[in-house]
Amino acid sequence: MWGEEESLDTLFRRTVAIHPERIALVDRDRESDGKVSVRYSYRQLADAVTRVSAALFQAGVRQHRVVLIQMASVANTIILKLAIARLGAIACTIPDGFSRTEWRLLLAAIGPDITALAHDEFCSGNQQGRFVPDLPEHCVQCSFSAEISEQSGVAILATENDPPKEQLIQLGEYLGNIHISPDDYLTLHPFVLISGDNKDARLKIIPGSHNHWQGVASFIAERANIQHGDVLVCPNICQEPVLTGVFLFNWLSSGARLVLTGAQNVKNYVECLVSERATFSMVTPEIGCQFGREEAFLDQCDLGGLRSMVVMAAEGQGCVSDVLMKSRVVEPIVLRAVNGALSVIE
């Protein structure tokens, strides 16, 4: 499944060329809001990425520049990351609950390289003042929400409306003149280091190259036996290192279908696995803490082709993998995110 080292955009373009009409992305997260789930073929997804790439380019995003991401929609986050990768830029996902002090530390560290802040309909203009103090003057705000984008100075990131032809020509000329190396940075992951006495907090930023994330993904793929044409179920999680390290590269390298779900409990989550015929999935700590109470339900589940499941462990959740194995659902891969890196718990 894994060949030579390549950038995320090269991998994406190759997969689109091979499987243009195969279903690539299913957004079931919308169902929690009473909306119909959205399905993208690889060709439709490529069109959406091109539209967002053109909008980011017009907003001034260029190679090696940083785009801050403060998103609630996982589907839009994925489209955005693919667009950022196409331009050779760097994605920096802001952790949930980032404080004003942490924002200041981040902007002081990478401020000159920040080109844009991207957000969606879950971040209103009033909320932005609380979350993003004192953005650099050269930083452009971009939004997937038409309501927010009506405000002056906010660039529209549209996934459905084609940009003017001249913008596509400008984008094509730019892409023809840059080279994206697998060694280039793809992501920046900021997190806070707190001293033992809780009095001294420091911000650390870990860069991740295309090669780095491909290596993480290939390790997961080998442990999980991910195969071509698989169905990968991803919970509603936008944060690094999980989304990129576990899913993005494995999804594209296997020409898989990536299903996004906002299920908040075990029964709804398992229903999604069954209805989508999942072969690989991940359990968040929020869902994992419920497994001990649902052993009888899990005993009755027939998950058919599910071959592997990643469990994101949290403190006090050592029982999750035991429950999965006892119920014969699947033998899990237990991971923990520590200081911006994924580690396997044997």
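Rules and cut-offs
- Residues numbered from 1 in each chain as written.
- Predicted model: local features only at pLDDT ≥ 70, side-chain atom pairs only at ≥ 80, totals over all residues.
- Heavy atoms only, no water.
- Helix = DSSP H or I, 4+ residues; strand = E, 2+ residues; numbered from the N terminus.
- Buried < 20%, exposed > 50% of the residue type's maximum accessible area, 1.4 Å probe, protein only.
- Contact = heavy atoms within 4.5 Å.
- Areas by Shrake-Rupley, 256 points an atom, 1.4 Å probe, with all protein chains shown as cover.
- pLDDT = per-residue confidence, 0-100.
- Salt bridge = Lys/Arg side-chain N within 4 Å of Asp/Glu carboxyl O.
- Pairing = 2+ DSSP bridges.
- Axes fitted to C-alpha atoms, helices over the stretch in contact; angles between N-to-C directions.
- Expected span 1.5 Å × (residues − 1).
- Core = buried A, V, L, I, M, F, W, Y, C linked by side-chain atoms within 4.5 Å.
- Parallel < 35°, antiparallel > 145°, perpendicular 65-115°, else oblique.

## Structural notes on the overall build of the protein chain
The helix and strand tally for the protein chain stands at 13 helices and 15 strands. Among the 346 residues that make up the protein chain, the fraction classed as buried is 55%. A separation threshold of at least 6 residues defines the contact pool for the protein chain, and within that pool the share at least 24 residues apart is 74%. Carbon and sulfur atoms provide 47% of the accessible area of the protein chain, an area that totals close to 15,600 Å².

## Description of the confidence of the model for the protein chain
Within the protein chain, residue pLDDT values average 83, and 83% of them lie at 70 or more. Least confident of the elements in the protein chain is helix 5 (residues 125–131), whose mean pLDDT is 44; most confident is helix 2 (residues 42–58), at 97. Confidence drops under a pLDDT of 50 for residues 122–130, and excluding neighbours within four residues, the segment shows 14 contacts in the predicted structure.

## With respect to the pattern of salt bridges
This structure, assessed with the given rule, holds 12 salt bridges. Salt-bridge contacts for Arg43 lead to Glu21; the nearest nitrogen and oxygen are separated by 3.0 Å. Taken together, the positions of Arg43 in helix 2 and Glu21 in the loop between helix 1 (8–18) and strand 1 (23–27) put the pair 22 residues apart, joining distant regions of the chain. Take Glu21: its relative accessible area is 53%, and that puts it in the exposed class. Overlapping salt bridges, with partners in common, bring together Arg28, Arg39, Arg257, Glu271 and Glu276 in one network.

## Quick notes on the sheet that holds strand 14 (residues 332–338)
Across the sheet, 8 strands lie side by side as 2-1-11-10-12-13-14-15; this open sheet has mixed pairing. Pairing within the sheet leaves two strands with one partner each, and these edge strands are strand 2 (38–41) and strand 15 (341–344). Strand after strand, the sheet turns through a mean of 20° between neighbouring axes, direction not considered. Note that strand 10 (residues 231–235) and strand 12 (residues 280–283) share 2 bridges and pair parallel. Residue pairing in the sheet places Val233 in a bridge with Ser281 of strand 12. Relative to strand 10, helix 9 (residues 242–253) is tilted by about 160°, and along the sheet it contacts strand 1, strand 10, strand 11 (257–261), strand 12, strand 13 (308–312), strand 14 and strand 15. Along the sheet face, helix 10 (residues 266–275) touches strand 10, strand 11, strand 12 and strand 13 and points at about 170° away from the line of strand 12.

## Some details on helix 9
With 12 residues, helix 9 extends 17 Å from end C-alpha to end C-alpha; this agrees with the ideal 16 Å at 1.5 Å per step. By the criterion of burial, helix 9 is predominantly enclosed, with 12 of the 12 residues buried. Three or more residues of helix 9 are buried, namely Val242, Leu243, Thr244, Gly245, Val246, Phe247, Leu248, Phe249, Asn250, Trp251, Leu252 and Ser253. In the stretch just after helix 9, Gly255 is the one whose phi turns positive, near 55°.

## Here we look at the nonpolar core
Here is a general trend for soluble globular proteins: nonpolar side chains tend to be buried in one another's company. In this structure, Leu56, Ile78, Leu80 and Trp251 are the most contacted members of the largest nonpolar core, which totals 72 residues. Ranked by residues supplied to this core, first place goes to helix 2 with 10 residues. Dropping the residues within four chain positions of it, Trp251 is found in contact with Ala24, Leu25, Tyr42, Leu45, Ile78, Leu82, Leu232, Ala256, Arg257 and Leu258. One finds Ala263, Leu273, Val283 and Leu303 within the second-largest nonpolar core, a separate group that totals 20 residues.

## Side note on the side chain of Thr284
Turning to its location among the elements, Thr284 is positioned in the loop between strand 12 and helix 11 (285–288). In this structure Thr284 comes out as buried when scored by relative accessible area, which is 8%. The contacts of Thr284, once residues within four sequence positions are left out, are Pro235 and Met312.

## Re the packing of helix 2 against helix 7 (residues 165–176)
Their axes nearest at 10 Å, the elements helix 2 and helix 7 cross at an angle of 85°. Between helix 2 and helix 7, the crossing angle belongs to the class labelled roughly perpendicular. Side by side, helix 2 and helix 7 meet where Thr50, Ser53, Ala54, Phe57 and Gln58 of the first sit next to Gln167, Leu168, Gln170, Leu171 and Tyr174 of the second.

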